[in-house]
Structure formats: C-alpha cells, structure tokens
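# Structural characterization, general
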Amino acid sequence: PVYSRSLTLLGVASKKGLRHGQDHLISPLDMLISCCRDTDPTTRKFACFAVGNAAFHNADLYHSMTKCNAVKGLSNALVDDDEKTRANAAGALGNLMRNGPQLCSAICEQEVIGALIHMALHDSDQSPQRIALFSLGTMASFPECRKLMLNLSPSVRDVFRSLTTSSQSSKTPP
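Attention here is on the structure that accompanies the text. In every chain, residue numbers begin from 1 and rise along the written sequence. Totals for whole chains, interfaces and linings use every residue, but because this is a predicted model, local features are given only for residues with pLDDT of at least 70 and side-chain atom pairs only at 80 or more, for both listing and counting. Side-chain measures were taken over the full set of non-hydrogen atoms in the model, leaving aside hydrogen atoms and water.

Further remarks concern the nonpolar core. Ranked by size, the top nonpolar core spans 40 residues in total, and within it Leu93, Ile107, Ile113, Met139 and Cys145 carry the most contacts. Per element, the largest residue contribution to this core is six residues, and it comes from helix H8 (residues 112–122). Excluding residues within four positions of it along the chain, leucine 93 makes contact with Val71, Leu74, Ser75, Leu78, Ile107, Val112 and Met139. What is meant by a nonpolar core is a set of buried Ala, Val, Leu, Ile, Met, Phe, Trp, Tyr and Cys residues, joined one to another through side-chain atoms within 4.5 Å. Working definition: with a 1.4 Å probe on protein chains only, accessible area under 20% of the residue-type maximum means buried, over 50% means exposed, and in between means partly exposed. For helices the rule is a DSSP run of H or I covering at least 4 residues; for strands it is a run of E covering at least 2, with both sets numbered from the N terminus onward. In what follows, residue pairs with any heavy atoms lying within 4.5 Å of each other are defined as contacts.

Below you can see the structure in the form of structure tokens.
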C-alpha cells in the first residue's frame, strides 16, 4: 500500500506539482532532494539512489537539479552515518556529471570534489571509497573539475599516492 500510494503521489505531482504555501510549487524532484535530508535513514539512502538514477541516462534533468540544489542535498549525505547512503550519494554526484558539464560549477562551488577526495582517503568503509573514486574519475573529464582536483590539498594525486602505497604494502610478503 505504501509503495502504490507513493507512486500515485508522484504521478499527481508530476502532472500538477504540489503547493507549499500559497505561491510555491514543489516538483517531484524537489521532494526527492528534500528526502536526501530526511530524518529517516532508509529514506535518505533510497532518495540518494533515486536522484542518481534520475541523472544517469541523460542530462535532461540537470537544469532542474540545479534549481532544486541537488548537489547540496547529495553532498550533505556524503557524511551520513549509513555506509550505503554515503555510497549512494557519492555515486549520484558522479551521475550528475556523467552526461555533460552543466553541473560542474555547482560541484566545484559546493566543495564536492574535496569531500569525495576525503571520502576516498578516509571513509571507514570500502564501498563509499570505491564509489568516490569512480565519481572523481567521471568529474575529471571536465577541465574545471580536473583543475580543482589537482589544486586541492589533499589533491587527487595524494589519493593515487595513497592507493599506490597501500597496494604495494599489501603485496609485500609477511
């Protein structure tokens, strides 16, 4: 019942939007982004995943995602207590850059690259680290993001040094 009601709500909202107050129209995307900050951990996890899916196939929603501040909502989730939420947020941020540079300025201004570098180096779980690296690779396709990656401290070079050192030490026989 909850699933079907949720789909009904999204269907109605997609056609008409939802009113919040007298003049503010809330889109389904606005609602989804706000769920990335929800008090329920499961809602946050699936909202981050859903935003990533919405951005995966093409850039059609990038303009709308800029207007509803998707980058900020997802970047806040990078420090969530739940490992899967952090991983979903990191993947979604990479997906926001997958099909073009439209959100590059927002990614840079919201300090997402530094947060992903920190995640890749210091997250306590391997899954968010791996997904952060993958998203950084996607972002590196664009000159503005690449320049920032190289100029931050720690930089993306520091991530690779750390990975190389870690890889070499794991190959050393006991």
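Right, let's talk about the side chain of serine 135 for a bit. Position of serine 135 among the secondary structure elements: in helix H9 (residues 126–139). Overall, serine 135 belongs to the buried group, its relative accessible area being 1%. A distance of 2.6 Å separates a polar side-chain atom of serine 135 from the backbone oxygen of alanine 90. Contacts of serine 135, omitting those with residues within four sequence positions, involve Ala90, Gly91, Gly94 and Leu116. The term polar contact refers here to a pair of N or O atoms within 3.5 Å; inside protein, the definition further demands a hydrogen-donor-capable atom paired with an acceptor-capable atom, and it admits residues adjacent in sequence only when both atoms are side-chain atoms.

Moving on to the packing of helix H2 (residues 28–35) against helix H3 (residues 41–56). Only the stretch in contact is used when fitting a helix axis, every axis being a line fitted to C-alpha atoms; angles between N-to-C directions are given from 0 to 180 degrees. Here H2 crosses H3 at 135°, and the two axes come no closer than 8 Å. When the interaxial angle is binned, H2 and H3 end up oblique. Regarding H2 and H3, the two cross each other, and that crossing is left-handed. Contacts between H2 and H3 pair Leu32, Ile33 and Cys35 from the former with Thr43, Arg44, Ala47, Ala50 and Val51 from the latter. Small angles under 35 degrees read as roughly parallel and large ones over 145 as roughly antiparallel, with 65 to 115 read as roughly perpendicular and the rest as oblique. Rotating anticlockwise by less than a right angle from the far helix to the near helix defines a left-handed crossing, while the corresponding clockwise rotation defines a right-handed one.

Read these as geometric descriptors, not functional statements.
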